[in-house]
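Structural features, examined
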Amino acid sequence: AVGRPDHAAISLAKALELDPNNLAALEQRLRLRDSGGDIKGALSDAQTLVEIESLPYFQVRALPDIVPTETYRARVFLAEHELDPAAAAELLAPAVQGFLAYAQRTVPLWRSHVEAGVADRGRLLEAGELLSDAKRAALRLAHLYRSLGEEAAAAGADEAAEVFDSTGLDLPST
């Protein structure tokens, strides 16, 4: 953020030494590497994030209604770099399902926190951006499924895109 990517890389490396499964640090390093042109490193970080999904670290959460999305965004990143439509669809399908869980569980929680005055509207702005990205991923998944001749799966992805579009984030003005 302050134009010192070398210092950011050092800080992220130190954080990942302490907690190699730190989703936020891995995603930040992925973004840093991607913006710096290190696509190979960014893809490696994205793959690491996806692998974390199978660990208790990811599966068992103290706050189950706060669905982490870093691994799903990593899947979208990997799919963007995947040339094989079937492999891209295989990456995106769990991401779309994860984004659905976020839309159904986390977004209502953030909304209730904002309405109660215990959180600012920034949470909902972030959620809106994420749901917009999720909708694009669902539409891409639908397109991939259609290219593979899987119309029923494509229809399911289209339905997910509609959920992302209809998840209400508007709040009454205060």
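Everything numeric in this text was worked out from a predicted model, so none of it was measured. (Residues numbered from 1 in each chain as written. Predicted model: local features only at pLDDT ≥ 70, side-chain atom pairs only at ≥ 80, totals over all residues. Heavy atoms only, no water.)

Here's the deal with the side chain of Glu70
To keep things clear, this is the line we draw: Only DSSP runs of H or I reaching four residues or more are called helices, and only runs of E reaching two or more are called strands; each is numbered from the N terminus. Every residue pair with non-hydrogen atoms within 4.5 Å of one another is taken to be in contact.
Along the chain, Glu70 turns up in helix H5 (residues 70–80). The residues contacting Glu70, other than those within four sequence positions of it, are Leu23, Ala24, Glu27 and Leu49.

Some details on the packing of helix H3 (residues 39–52) against H5
Cut-off, in case you're wondering: In this analysis an axis means a line fitted to C-alpha atoms, helices contributing only their contacting stretch, and an angle means the value between N-to-C directions, from 0 to 180 degrees. Any angle that is under 35 degrees is reported as roughly parallel, and any over 145 degrees as roughly antiparallel; angles of 65 to 115 degrees are reported as roughly perpendicular and all others as oblique. In a left-handed crossing the near helix is turned counterclockwise from the far helix by less than a right angle, and in a right-handed crossing that turn is clockwise. For this scheme, ten residues count as nonpolar: Ala, Val, Leu, Ile, Met, Phe, Trp, Tyr, Cys and Pro. Four count as charged, namely Asp, Glu, Lys and Arg, and the remainder, Gly too, count as polar.
It is at 8 Å that the axes of H3 and H5 come closest, and there the two elements cross at 135°. Considered as vectors, H3 and H5 are oriented oblique to each other. For the crossing formed where H3 meets H5, the hand is left-handed. Along its contact with H3, which presents Ala42, Leu43, Ala46, Gln47, Leu49 and Val50, the element H5 presents Glu70, Thr71, Ala74, Arg75, Phe77 and Leu78. Residue classes in the contact of H3 with H5 are distributed as eight nonpolar, two polar and two charged.

With respect to the nonpolar core
For the record, the criterion: Nonpolar cores were defined as sets of buried Ala, Val, Leu, Ile, Met, Phe, Trp, Tyr and Cys residues, with membership established by side-chain atoms within 4.5 Å. Burial classes: relative accessible area under 20% of the type maximum marks a residue as buried, over 50% as exposed, and values in between as partly exposed (1.4 Å probe, protein chains only).
Counting residues in each nonpolar core, the largest one holds 49 residues, and the members touching the most others are Leu30, Leu92, Val96, Phe99, Tyr102, Leu141 and Phe164. Elements that contribute at least two residues to this core include exactly helix H1 (5–18), helix H2 (23–35), H3, H5, helix H6 (85–116), helix H7 (122–147) and helix H8 (151–166). At 13 residues, H6 tops the list of elements feeding residues into this core. In this structure Leu30 touches Ala42, Asp45, Ala46, Leu49, Ala74 and Phe77, once residues within four positions along its chain are discounted.

Details of the environment of Ala142
Its location among the elements puts Ala142 in helix H7. We classify Ala142 as buried; its relative accessible area is 1%. Sequence separation between Ala142 and Pro85 is 57 residues; the distance between their C-alpha atoms is 11 Å. Aside from chain neighbours lying at most four places away, what touches Ala142 is Ala154, Ala157 and Asp158.

A word on the packing of aromatic side chains
Inclusion rule: Aromatic pairs are defined between Phe, Tyr and Trp rings, using the six-membered ring for Trp, whenever the two ring centres lie within 6.5 Å; interplanar angles under 30 degrees are classed as stacked, those over 60 as edge-to-face, and all others as tilted.
According to the stated counting rule, one finds two aromatic pairs in the structure shown. Ring geometry for Phe58 against Tyr72: centres 6.1 Å apart, planes inclined by 85°, an arrangement best described as edge-to-face. Here Phe58 is found in helix H4 (residues 56–59), whereas its partner Tyr72 is found in helix H5, with 14 residues between them in sequence. One exposure class covers both Phe58 and Tyr72, and it is buried. Here Tyr72 and Phe99 contribute two aromatic rings whose centre-to-centre distance is 5.8 Å and whose plane-to-plane angle is 70°, an arrangement assigned as edge-to-face.

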